[in-house]
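A closer look at the structure
Each chain, written out:
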Amino acid sequence: RKQQGPAQGQSQAMLTACIASVGAAYLPSQRPAPGAPLCGSARGRAAVRCAEAGTLTQSAVDDWLGSAVAARGSVASGLLDEVRSEATDVVLAARRPGRKQEAWRRTDLSLLYGATLGAPSGRVGELVAGYVEEEEEAAAAARPRLVFVDGVYSADLSDTSSLGGGAYAGPLEQVPPEVREAVLESLREIPEREADPRTELGCHTFAALNQAALSDVACVYVPSGVAVDTLRLILLSTPSYPDSGAEAGASPQLAASHPNLSLWLGDGASLSLLQQYAGRGAYFCNGLSRLRLGENASLTHAYLQEQSDGAVHVDSVLATLAAGARYDANIVQSGGRLSRVNLAVRLQGGDSHPPPQRVAL
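What counts as what
- Residues numbered from 1 in each chain as written.
- Predicted model: local features only at pLDDT ≥ 70, side-chain atom pairs only at ≥ 80, totals over all residues.
- Heavy atoms only, no water.
- Helix = DSSP H or I, 4+ residues; strand = E, 2+ residues; numbered from the N terminus.
- Buried < 20%, exposed > 50% of the residue type's maximum accessible area, 1.4 Å probe, protein only.
- Contact = heavy atoms within 4.5 Å.
- Areas by Shrake-Rupley, 256 points an atom, 1.4 Å probe, with all protein chains shown as cover.
- Axes fitted to C-alpha atoms, helices over the stretch in contact; angles between N-to-C directions.
- Left-handed = near helix turned anticlockwise from the far one by under 90°.
- Nonpolar A, V, L, I, M, F, W, Y, C, P; charged D, E, K, R; others polar.
- Arc of directions from axis to C-beta.
- pLDDT = per-residue confidence, 0-100.
- Salt bridge = Lys/Arg side-chain N within 4 Å of Asp/Glu carboxyl O.
- Core = buried A, V, L, I, M, F, W, Y, C linked by side-chain atoms within 4.5 Å.

Another aspect to go through is the overall build of the protein. Along the protein, the regular secondary structure elements total eight helices and 15 strands. Expressed as a percentage of the 361 residues in the protein, the buried residues total 51%. Taking contacts inside the protein between residues at least 6 apart in sequence as the whole, the part at least 24 apart equals 81%. Total accessible area on the protein is roughly 16000 Å²; 49% of this is exposed by carbon and sulfur atoms.

Here's what the structure looks like:
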C-alpha cells in the first residue's frame, strides 16, 4: 500500500474528523425517525461546516446535497430560522434522487449533479420588461401582481394594492397574524418523510432542500367567502455574478434559488391564480408550492413554466382539498433544459374535485 505523505495524512485526518462529527445517523440511506431531535443539531451544523470546507464524502453526507446546503443564501425573515434548521438536518440525512429510485428512473439529473451551485446575482434586467412593464403598458395594472426574484419578495416589482376583502399576497414577514402560525406549521411538514419508495412521487429530498435554503415565502391568503378574480405570481430566477465563473475545465455553475409558495383559501373562498416561472442564463430553480383549500373553496390554477434554455427546473405542487373544494389545474411547461413538476392532490373530504391537466412542450 502506498504510504501517505504529511499533506495526505493531514487531509485524511480532517476528513475522518468530519465524518465522525456527522455520525452514523447521516448515512445516505437513512432519514430521521419521527420525533427525532432536529432544530440544528450539532451533527447537522458539523455537516454544513464540512460542506463549506469541501470535505464531505458519500460515506457521511451526500456531497452534492451538502454543497447545495452550503450554497444557500441569507434568510429574509427571522421567522424562518427554525424551519431552515430543521430542514437542514433532514437534507443532510437524505440521499440525492437518482435513476435507481423508482420515482426518478426516467429522469436524468446528471446535468444538475455535474454542476457547481452558486449564488444568484439578482439582476433581472430584461425580465422586468418582458413580465412586468408590458403588463402595465397593456393597462392591466389593476390586476394584482406578486413578484419574487430568486425566492425573495420584490416590493419594487409587486403591486397588490387592488386586492380587497381582506385578501393578502406578499412575503411571510407581513402575513396576517390569523394565519401566520398555520403557515409556519405547514412549512415544518416535509412531504413524503415516510413514503413507500415504490409508490412515492419523489418530492422528499428536493422539498427538504427548498426549506433548508428558504430565503422567503410567497404567501397568499383569501378569507372565507371572499372571491379574488385574478392574482399573478411571477417567480424570476437570475444567473450567477459574471465574475464568479469557474476556471476552464471546471464544473459548470448554476445559480440556485428556492422559491416557496404557501396558499390558503378559507371556506367558500375562490381565486384564479396565474403562477409563472421565468429567468435568464443558467440556474437551478427548486420550487415548492403548497395549496390548501377550505370547504367549498375553489382554485383555478394556471401554472406556466417558461424558464431559460440553460435552466434546471424542479417543483412540487402539493394541494390539500377539504370537503366540497374544487381545484382546476392547468400546467404548461415550455422552457428549461431539464424540467420536472411533481403534482400531489390530497382529498380530505367528500365531493372534492381535482381534475388536473398538464401539457409539456
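Next up on the list: the packing of helix H4 (residues 81–92) against helix H8 (residues 204–212). Between H4 and H8, whose axes approach to 7 Å, the crossing angle comes to 145 degrees. Crossing of H4 over H8 shows left-handed handedness. Residues Val 83, Arg 84, Ala 87, Thr 88, Val 90 and Val 91 of H4 pack against His 204, Ala 208, Leu 209, Gln 211 and Ala 212 of H8. Across the contact of H4 with H8, the residue classes break down as seven nonpolar, three polar and one charged.

Of all the residues in helix H7 (residues 177–187), the buried ones are Val 179, Val 183, Leu 184, Ser 186 and Leu 187. Each buried residue of H7 lies within a common arc of 155 degrees when the element is viewed along its axis, so the set occupies one face. When the buried face of H7 is taken as reference, the exposed residues oriented beyond 90 degrees from it are Pro 177, Glu 178 and Glu 181.

Attention now goes to the environment of Leu 343. Along the polypeptide, Leu 343 turns up in strand S14 (residues 338–347). It is 9.9 Å that separates the C-alpha atoms of Leu 343 and Ala 329, two residues lying 14 residues apart in sequence.

Caution applies to low-pLDDT parts of the model: their predicted coordinates are not meant to be read in detail. With 75% of its residues at a pLDDT of 70 or more, the protein has an overall mean of 81. Per-residue pLDDT stays below 50 along residues 11–45; that stretch engages in 65 contacts with residues further than four places along the chain or on separate chains.

Once that is clear, we can look at the pattern of salt bridges. Enumeration according to the criterion identifies eight salt bridges in this entry. We note a salt bridge from Arg 188 to Glu 82, for which the minimum N-O separation is 3.9 Å. A residue pair is termed long-range when its members are at least 10 positions apart, and Arg 188 in the loop between H7 and H8 and Glu 82 in helix H4 qualify at 106 residues. Accessibility expressed as a relative area gives 28% for Arg 188, which makes it partly exposed. Salt bridges sharing partners connect three or more residues here, namely Asp 62, Asp 63 and Arg 96.

Grouped together as the largest cluster of nonpolar side chains are 38 residues, with contacts concentrated most on Leu 263, Leu 265, Leu 271, Leu 291, Leu 293, Leu 299 and Tyr 327. If sequence neighbours within four positions are ignored, Leu 263 has contacts with Val 220, Leu 271, Leu 273, Arg 290, Leu 291, Arg 292 and Leu 299. Core analysis: the next-biggest nonpolar cluster, separate from the first, contains 27 residues, Val 69, Val 90, Phe 206 and Ala 212 among them.

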